[in-house]
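Spelled out, the chains give:
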Amino acid sequence: MLTGLPGLLQPWGIILLAVIAAGMYFVAYRWHRANPGRQQLHLDVAALALLALLTGGFFWRALTESGVFMPAGGGDLASFYYPSYEYAAQQIKAGSIPLWNPHVFSGMPFAADVQAGLFYPLNWILYPFFSIDYGALEWLLIAHYWLASVFTYVFLRDVGLSRLGALAGGVVFAFCGFMVAHLGHLPMVLVATWIPLILLMLRRALLNRMLAGWAWAIGAGLVMAVSLLAGHVQIFSYGLMAAGVLWLYLLLGEKPLTARRVVPWVLKGGLALAVALGIGAIQLLPSLRLSAESVRAAVSYEEASQFANQPITWVNFILPRVFGSNPANYFPGEWQNTENWGYSGVITLALAAAGLAFKRGRLVGFFGVLVALALVIMVGDLSIVGAWIYKFAPGFSSLRSSGRALVLLGLGLAGLAAYGLDALVASLAKREKARQNVFWWLVGLSAVLVVLVLGVMPAFYKEAIIGGGAEYGRLPGAINELGMLLLWLGLLVGVGWAAYRGRLGAMAAGGVMLALLVLDLFSPNSRFNPTTTNILAGFENYSAISVLFKGTQDERTNIPLRINSDTNAQDVWQPSTGLRSGVLYDTGGAFNPLKLERYDYLWEIAKRNPETPLYDLTGAAFEIISPTTTITPAHTGELKWELVDRFEGFDIYRNKNALPRAFLVHESRVLQKPESIVLELRRFDVDPRHTVILESGTPTQSDLPGTAEAFAQGQSTGEFVRATRYSPNEIDLTVKANAPGWVVLTDAWYPGWEVKINGQPASVEPAFYAYRAVKVGAGEQTIAMRFEPNNWRVARIVTLLALVGALGWLGAILFLMRRGRGGQWMNRTSKT
C-alpha cells in the first residue's frame, strides 16, 4: 500500500505518471526543435516515458487502490527489510551511523550486513529527509523496475537496435519472472537493475580506443560500485559474470588478436573492477568479517544448489501458473515459485528464436551465451558446471540457491527478443526474396500452434472431463494456461502472416507484436504479488508492545530485559517487531543468514531447554506464545512461568528467573569447547549468577555472591552494575565491586567492541561462548564500550580515496577531451 513517499499517488497514480511522461516528452521535443541538427532524442525520451507508463500499468493496483500491499504474504520485504530500513533512517536522522543493531538476535552488526544496503546511494535520498514507512519501500521498488527497463533500453539502443526493439528488451528484463518473483527480496531487484548499465559502459570502454575509453571504464566501475552497495552479493556476482562474458566475447571478436589490443582491454577491465571494489570497500571489508563470524561462514554444495531451477520447472516458461501461484502448490521437493518463477512470455520466446535464427547483430551471440550459461547454472547439481563454479569461482562457495541464475536468463532473453523484433520488422520491410526467413519462422510457429491445438489441448480436456482430473490435481489450471498460450501464440502468428502477405505494414506489425509481448508478460506476472491482506498486521500489536515495554524495564541495570518471539508465532507477531519498535530487544528476529554463529549455536539449544540456566542467561523475560507454539510443561508451571496477558492470537508469558542483561560475578571457570559450556549449563553444574565461563585465563573461586545472585536471594551487598548510556554503538556502565570480578553483558560477542575502564584501555572477552565479559577490580568504576571495528576505519579511508581518485581521474580525462587532447568522444572505436 503506497502510503508513504509520496503518499499522494492514490488513486490518481497512473494519471500523474502520464502527466509526468507527457512533460518529459514536451521538454525533450522543445530541445530538439531548438537544436534540429542533433539526434532525435525526444523520441528516446518518449520511449522512456512509455516505459514509465507501462511500469505504472504493471503496478496498477498499488497505484490506484488503497489497501493493496506488495508482495503477497509480505515476504522478506515486510519481515526483514522494512524494519531494517526504518531503523537505519531513525539512527541517521539522530546523527548516528548504525554500526550495531542491539534489537534482534541479542545484538549483531548492522552496517556490516550487506542486505541492509546502508550505503546504497539511492537509499540516502530516503534516509535523511523522509519517514521510512512501508509505502516508501514500495515506491523505491517501483522506481527500480522503471530504471531496469530504462537501463536495458539505453544499452540496447547503444548497440544499434531500433527504439521498438529496445523497448521490447527493456520490458522483458524489467518484468521477467526473476524480477517479479523477487519483489519481496528488495536488494536482488536493486542490484539487478544496474546490470544493463554496467554492460553499456563496459562495452563503450572496451571498444573506444581513445582517451574516452578510460572514462567509460571509470564509469563502469562507478556503476558497479552502486550495484555492489545495493545489497545482494549473489546477484552482483551474476552481474560480474555477465560483464566477464561480454568482455571475453568482445575480445575474441577483435581481429587480429594481438598483445597491443589485449593489454588495454585487460587494464580497462581491471580498472573498472578496482574502482568498484575500492568504493565498495566501506561495505565489503566489514561484510567479509561478518560473513566469517556468521552461520554463512561455510555453505555446503547441497545448500549452494538449493532451489535449483530444474527442467521440470521449465514448464513455467510457457505455462506460468501450471503449478499454482503459491509455493505450496509445487511438487514435493526443493522448488518454490519465489525462487523458480521464470516466466518471460511466450511472445518473448518466439521473438528470441527469431533473434537467434536471423542473427542480425554482433551481440546476438552474447545474449545467447547468457541464456545458455543461465540454463547450465540454474539446474544445480544436475550439471557439473554448477559444481565447478561453486568450487573454483571466487565467492560462490558462500552463495546458495543456484536457481537465481534466472537473472541471466531474463537479461539474455531480453536481448534476443529485442534483436528478433528488430529483424522481423526489417525483413518485412524488404522485398519478397529477403523475407524468406520470416516465412520459415512463421511456418515453425504455425506448426507448434497446430500441435498444441490438435494434440495437447484435446488430451488435457479428455483427462479433465473423462479422467476426473478436474477434481484432483492441477489439470484445470494447466488447461487455462494452455489456453492463454494458444491465444498469445495464435495472435502473434496471425499478425505475422498478415504482415508477410502485405496486409499490415512492417512498423505497424512490430508495434502490435510489442503490444502482445506486454500483454503476455504482464498478464500472469502482474498478479503474482498484490494482496489485500494487511501484511503489516504482525507489527501492529501496539497494546502488547506497550505491555512488553513496561515489563522489560529493569531498574537493577537500566538495560531492558529481552523478549523471545522465536516461538513459531510469526503468523501473529512479526519476528523483527523489536527492531521496528526501537524499544524492545529480542533473542530472535527475522531469518538472517548472517546472524552470528556463536550466538546462534547457544540460542538454538537454549530455546529448546527453557527450564535451564542456559535459557535464563539470555535475559528473555517474556515469551510470545501462539496456537502454533509447542507449549512445554514449563509454561504451565507455577514456579518459573506466569501468564501476563492474552491478546488476539497469542499469549505473553513471563520468565521469573530471567537474568539481568548486565551483572557482576566473582568466580570464573575456563572451558574452550562450546559443547562443554552448554553441557555445564544444561546440567545445572554452573550457576551463571555466580560463575562466568571464559575461554582462556586462570579459573578463580569465590564465595561472594554475584549481583544477580544476591538479588534473587533478597540480599543487599552494595554491589551493582548500571547503564548510564545504552545506544546501538555505545554502552556506558557504572560498576561497584567489593572484590575483583567480571562484568558480564549478555549482548552477543563480536570483535570490534573496544573497552575502557576509567578511561584506560581494557579487553572484552567471550563469556559463555556467545556473550561479553570485562574483568574489573574492586571499587567503583566506569566501563565505556564503543563499537568501531578496525575494518570500519580502514574501509572508510579506502572508499574515500577510491571515490576521490576515480572522480578526479574522470574529471581530468573529461577536461583533456574538452580541450581537444583526448580525441572525440566516440572516434576510433573498434568495429566489434
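Everything numeric in this text was worked out from a predicted model, so none of it was measured. All chains use their own residue numbering, which begins from 1 and follows the written sequence. With the structure being a predicted model, the display of local features is reserved for residues of pLDDT at least 70 and the display and counting of side-chain atom pairs for 80 or more, all residues being used for whole-chain, interface and lining totals. The basis for every side-chain value is the complete set of non-hydrogen atoms in the structure, without hydrogens or water.

We now examine the overall build of the protein chain. Looking only at helices and strands, one finds 30 helices and 17 strands in the protein chain. Nonlocal contacts in the protein chain, meaning residues at least 24 apart in sequence, comprise 77% of its contacts between residues at least 6 apart. Starting at the N terminus, helices and strands are each numbered in turn, a helix being any DSSP run of H or I of at least four residues and a strand any DSSP run of E of at least two. The contact rule is simple, with two residues in contact once any of their heavy atoms fall within 4.5 Å.

Buried means the residue's accessible area, taken with a 1.4 Å probe over protein chains only, is under 20% of the maximum for its type, while exposed means over 50%, and partly exposed covers the values in between. Listed in full, the buried residues belonging to helix H18 (residues 384-392) are Gly386, Ala387, Ile389 and Tyr390. Across the axial projection of H18, the buried residues extend over an arc of 160 degrees, all falling on one side. Away from the buried face of H18 by more than 90 degrees, exposed residues Ile384, Lys391 and Phe392 are located. For H18, the capping residue at the N-terminal end is Ser383, with a side-chain oxygen 3.2 Å from the backbone nitrogen of Val385. This arc is taken over the directions from the axis of the helix to the C-beta atoms. We define a polar contact as two N or O atoms separated by no more than 3.5 Å, with the added condition that, inside protein, one atom must be a possible hydrogen donor and the other a possible acceptor, whereas residues neighbouring each other in sequence contribute only through side-chain atom pairs.

Confidence in the prediction of the protein chain, expressed as mean pLDDT, is 87, and 88% of residues score 70 or more. The secondary-structure element of the protein chain with the lowest mean pLDDT is helix H27 (residues 633-636), recorded at 51, while strand S12 (residues 741-745) shows the highest, at 98. Confidence of the predictor at the level of single residues is captured by pLDDT, which takes values from 0 to 100. Note on residues 468-472: pLDDT is under 50 here. Beyond four places in sequence and across chains, it has 7 contacts.

Definitions used throughout: a 1 Å grid over protein atoms alone; a cavity as a set of points that fits a 1.4 Å probe which cannot get out; a pocket as an open set with protein on both sides within 12 Å along at least five of seven lines; a lining residue as one with an atom within 4 Å of a point. Grid points are joined across faces, edges and corners, and a volume is the space filled by probe spheres set on the points. With the rule as written, the count across this model stands at 4 cavities of 30 Å³ or more. Estimates place the volume of the largest cavity at around 140 Å³. Forming the walls of the largest cavity are 14 residues, and the residues nearest its centre are Ala304, Gly386, Tyr390, Phe396 and Ser402. Elements that contribute at least two residues to the lining of the largest cavity include exactly helix H11 (233-252), helix H14 (301-304) and H18. Per element, the largest residue contribution to the lining of the largest cavity is 3 residues, and it comes from H18. Gly is placed with the polar residues, together with every amino acid not listed as nonpolar (Ala, Val, Leu, Ile, Met, Phe, Trp, Tyr, Cys and Pro) or charged (Asp, Glu, Lys and Arg). Residue composition of the lining of the largest cavity, grouped by class: 8 nonpolar, 5 polar and 1 charged.

Whenever a carboxyl oxygen of Asp or Glu lies within 4 Å of a side-chain nitrogen of Lys or Arg, that contact is scored as a salt bridge. For the coordinates displayed, the defined rule picks out 32 salt bridges. Where Glu730 meets Arg725, a salt bridge forms, and the shortest distance between an N and an O atom there is 2.8 Å. Linked by salt bridges that have partners in common, Asp566, Glu604, Lys607 and Arg608 make up one network.

Right, let's talk about helix H9 (residues 195-207) for a bit. Taking 1.5 Å as the rise per residue, H9 with 13 residues should run 18 Å; its terminal C-alpha atoms sit 18 Å apart, in good agreement. In terms of burial, H9 is a largely internal element, 13 of the 13 residues being buried. In a helix, the anticipated span is given by 1.5 Å times the number of residues less one.

Our next topic: the packing of aromatic side chains. Think of it this way: a Phe, Tyr or Trp ring, Trp meaning its six-membered ring, pairs with another when their centres are within 6.5 Å, and the plane angle makes it stacked under 30 degrees, edge-to-face over 60, tilted otherwise. Taken as a whole, this structure holds 35 aromatic pairs when the rule is applied. Centroid distance Trp573 to Phe650: 5.7 Å. Interplanar angle 70 degrees. Geometry classified as edge-to-face. Of this pair, Trp573 sits in the loop between strand S3 (562-564) and helix H24 (577-581) while Phe650 sits in strand S6 (residues 650-655); the two residues are 77 residues apart in sequence, bridging distant segments of the chain. The pair formed by Trp573 and Phe650 is uniform in burial state, with each residue classed as buried. With centroids separated by 5.9 Å and ring planes inclined at 55 degrees, the aromatic side chains of Tyr615 and Trp641 adopt a geometry described as tilted. Taken together, the positions of Tyr615 in helix H26 (residues 613-616) and Trp641 in strand S5 (residues 641-647) put the pair 26 residues apart, joining distant regions of the chain. Note on Tyr615: relative accessible area 0%, which makes it buried. An aromatic cluster is built from Phe58, Phe59, Tyr145, Phe175 and Phe522, whose rings are joined through pairwise contacts. Ring-over charges, as used throughout, are those where CZ of Arg or NZ of Lys falls within 6 Å of the ring centre and within 35 degrees of the ring normal. Seen from the ring of Phe711, Arg556 lies directly overhead, with NZ or CZ sitting 4.6 Å from the centre.

Moving on: the sheet that holds strand S4 (residues 620-625). Strands were regarded as paired on the criterion that DSSP finds at least two bridges between them. One open sheet accounts for 4 strands, arranged S3-S4-S6-S5; its pairing is mixed. Since the sheet does not close on itself, it has two edges, and those belong to S3 and S5, each with one partner. For this sheet, the mean inter-axis angle between neighbouring strands, taken without regard to orientation, is 25 degrees. Across 3 bridges, the pairing between S3 and S4 is parallel. Across the sheet, the residue bridging to Ile563 is Phe622, located in S4. Between N-to-C directions, angles cover 0 to 180 degrees, with each direction set by a line fitted to C-alpha atoms, over the stretch in contact for helices.

The next point concerns the pairing of strand S11 (residues 730-737). Both faces of the sheet carry side chains from a regular strand, because those side chains alternate between them. With 6 of its 8 residues buried, S11 lies for the most part within the structure. Here strand S10 (residues 720-726) runs beside S11; their pairing, made up of 6 bridges, is antiparallel. Pairing of Tyr726 across the sheet is with Ile731, part of S11. The hairpin formed by S10 and S11 contains 3 residues between the paired strands. Bridge count between S11 and strand S17 (residues 779-787): 8 bridges; the pairing is antiparallel. Paired with Ile731 across the two strands is Met785, which belongs to S17.

A few words on the nonpolar core. For our purposes a nonpolar core is just a set of buried Ala, Val, Leu, Ile, Met, Phe, Trp, Tyr and Cys residues, chained together by side-chain atoms within 4.5 Å. Counting residues in each nonpolar core, the largest one holds 255 residues, and the members touching the most others are Leu363, Trp441 and Ile783. In terms of residue count, the dominant contributor to this core is helix H19 (residues 406-428) (16 residues). When sequence neighbours within four positions are dropped, the list of residues in contact with Leu363 reads Phe155, Val159, Arg203, Leu246, Tyr249, Leu250 and Tyr419. If you look at the next biggest cluster of nonpolar residues, it comprises 14 residues, including Ile545, Ala569, Ile624 and Phe650.

For any two helices packed against each other, the geometry is given by the interaxial angle and the distance between the axes. It is at 7 Å that the axes of helix H12 (residues 259-279) and helix H30 (residues 790-818) come closest, and there the two elements cross at 140 degrees. Judged by the inter-axis angle, H12 sits oblique to H30. Facing Leu271, Val275, Gly278 and Ile279 of H12, the residues of H30 in contact are Val798, Thr799, Ala802, Leu803, Ala806 and Trp809. Across the contact of H12 with H30, the residue classes tally to 8 nonpolar, 2 polar and no charged. Oblique is the label for any angle not covered by the other classes, which are roughly parallel (under 35 degrees), roughly antiparallel (over 145) and roughly perpendicular (65 to 115).

Moving on, we come to the sheet that holds S17. Spatial strand order, S10-S11-S17-S13-S14: 5 strands in an open sheet with antiparallel pairing. In this open sheet, the two edge strands, each paired with only one partner strand, are S10 and strand S14 (760-762). Neighbouring strand axes in the sheet, compared pairwise and without regard to direction, differ in orientation by 25 degrees on average.

Our next topic: the environment of His144. Examined against the element boundaries, His144 turns out to sit in helix H5 (residues 134-158). As for His144 and Trp194, which are separated by 50 residues in sequence, their C-alpha atoms are 9.1 Å apart. Residues in contact with His144, not counting those within four places in the same chain, are Tyr120, Leu122, Val189, Leu190, Thr193 and Trp194.

Summarising burial for S4: 6 of the 6 residues are buried, a large majority. Pairing of S4 with S6 involves 4 bridges; the strand directions are antiparallel. Within S6, the position partnered with Ile625 by the bridge is Asp651.

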